[in-house]
Amino acid sequence: MAKRKTIQTNIAWSTTDTITVKGLDVCKDILGKVSLGDMAFLEMTDRLPTPRESVMFNAIAVCLVEHGLTPSALVTRLTIAGAPEAMQAAVGAGLCGLGSVFVGSMEDAARLLQQAMPQPDPDADIAALARDLVEREMAAGGNVPGIGHHIHKPVDPRAPALFAIAREQGFEGPYVALMQAVAEEAGRRLGKSLPVNATGAIAAIACELGLPWEIVRGIGVMARAIGLVAHVLEELRDPLAREMKTMVEEMATAHHRPPA
């Protein structure tokens, strides 16, 4: 019989009178002392953030909480309209839409940045890395994630705001420089302005914070869950999903009905 792997976790454990998370006593060390953002940082990095890391991580997380009637918010509202007893299902349905187009593109951008520069290198040839990254992505027929925006033109205002905080807190490093160089190179090749957007800025800053690209999308998942709870509450108090459903149905089937 093959030897089985020992099953263990180092995230959290309990006794009759204590709950420990990442080595900290929930009641003595965390409650009333650790913010939600700092708790997320602890869970993702196995340590509490420094004051500067706290400001930076909370900024990128808060940036992702809300963006209006996005597809994820619409799905959440439609789900709660059909299952008002299942808030968790409505929020979960909305979170399922965080992918390569909405919110989740930060993961793809962080992956490309970390593949191009596995470790932060202040002496790296940023321009050369950007050229290689953009050429590789365009040759593969894909869009370069983290640049441009379908609504915010010519600039996504969140990106320069986040980069300003990164500068103030000491996180304007080689990954930020590489993300900005990628945007410039892609724009040059395509002959149009494609500035870094919010997810690109968050990807670069997450890399500066030392977060592995595989969990960068998790920042968006955690943050957007908060915003979707707000959409559930507004939908319950002042519904729009049923009206939206009726409007879409009327428009989509109008060609089957005779003129009025």
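This text follows the structure it describes.
Residues numbered from 1 in each chain as written. Predicted model: local features only at pLDDT ≥ 70, side-chain atom pairs only at ≥ 80, totals over all residues. Heavy atoms only, no water.

**Quick notes on the nonpolar core**
- Counting residues in hydrophobic clusters, the biggest one holds 55 residues, and the most contacted among them are Phe 57, Ile 60, Leu 178, Ile 205 and Ile 219.
- Listed by contribution, the elements that provide at least two residues to this core are helix H2 (36-45), helix H3 (51-62), helix H6 (105-116), helix H7 (126-139), helix H8 (158-169), helix H9 (174-190), helix H10 (198-208) and helix H11 (216-237).
- Filtering out sequence-adjacent residues up to four positions away, Phe 57 remains in contact with Gly 37, Ala 40, Phe 41, Met 44, Leu 209, Leu 211 and Ile 219. (Core = buried A, V, L, I, M, F, W, Y, C linked by side-chain atoms within 4.5 Å. Buried < 20%, exposed > 50% of the residue type's maximum accessible area, 1.4 Å probe, protein only. Helix = DSSP H or I, 4+ residues; strand = E, 2+ residues; numbered from the N terminus. Contact = heavy atoms within 4.5 Å.)

**Let's talk about the environment of Gly 191**
- By secondary structure assignment, the location of Gly 191 is in the loop between H9 and H10.
- Taking relative accessible area as the criterion, Gly 191 reaches 66% and is therefore assigned exposed.
- The spacing of Gly 191 and Thr 50 is 141 residues in sequence and 42 Å in space, taken between C-alpha atoms.

**Details of empty space enclosed by the protein**
- Across all of its chains, the model carries one cavity of 30 Å³ or more by this definition.
- Estimates place the volume of the largest cavity at around 50 Å³.
- Lining the largest cavity, in full, are Ala 109, Leu 112, Leu 113, Leu 133, Val 144, Pro 145, Met 179 and Val 182.
- Mapped onto the lining of the largest cavity, the elements with two or more residues apiece are H6 and H9.
- Broken down by element, the residue count for the lining of the largest cavity peaks at three residues, all from H6.
- When the residues that make up the lining of the largest cavity are grouped by side-chain class, the tally is eight nonpolar, no polar and no charged. (1 Å grid on protein atoms, 1.4 Å probe; cavity = no way out; pocket = protein on both sides within 12 Å on 5 of 7 lines; lining within 4 Å. Points joined across faces, edges and corners; volume = space filled by probe spheres on them. Nonpolar A, V, L, I, M, F, W, Y, C, P; charged D, E, K, R; others polar.)

**Some points on the packing of aromatic side chains**
- Applying the stated criterion across every chain yields a total of one aromatic pair.
- Both rings, one in Phe 41 and one in Phe 57, keep their centres 5.5 Å apart while their planes meet at 80°; by these two values the pair is edge-to-face. With Phe 41 in helix H2 and Phe 57 in helix H3, this pair connects stretches of sequence that are 16 residues apart. As far as the burial class goes, Phe 41 and Phe 57 line up, both buried. (Phe/Tyr/Trp six-rings, centres within 6.5 Å; stacked < 30°, edge-to-face > 60°.)

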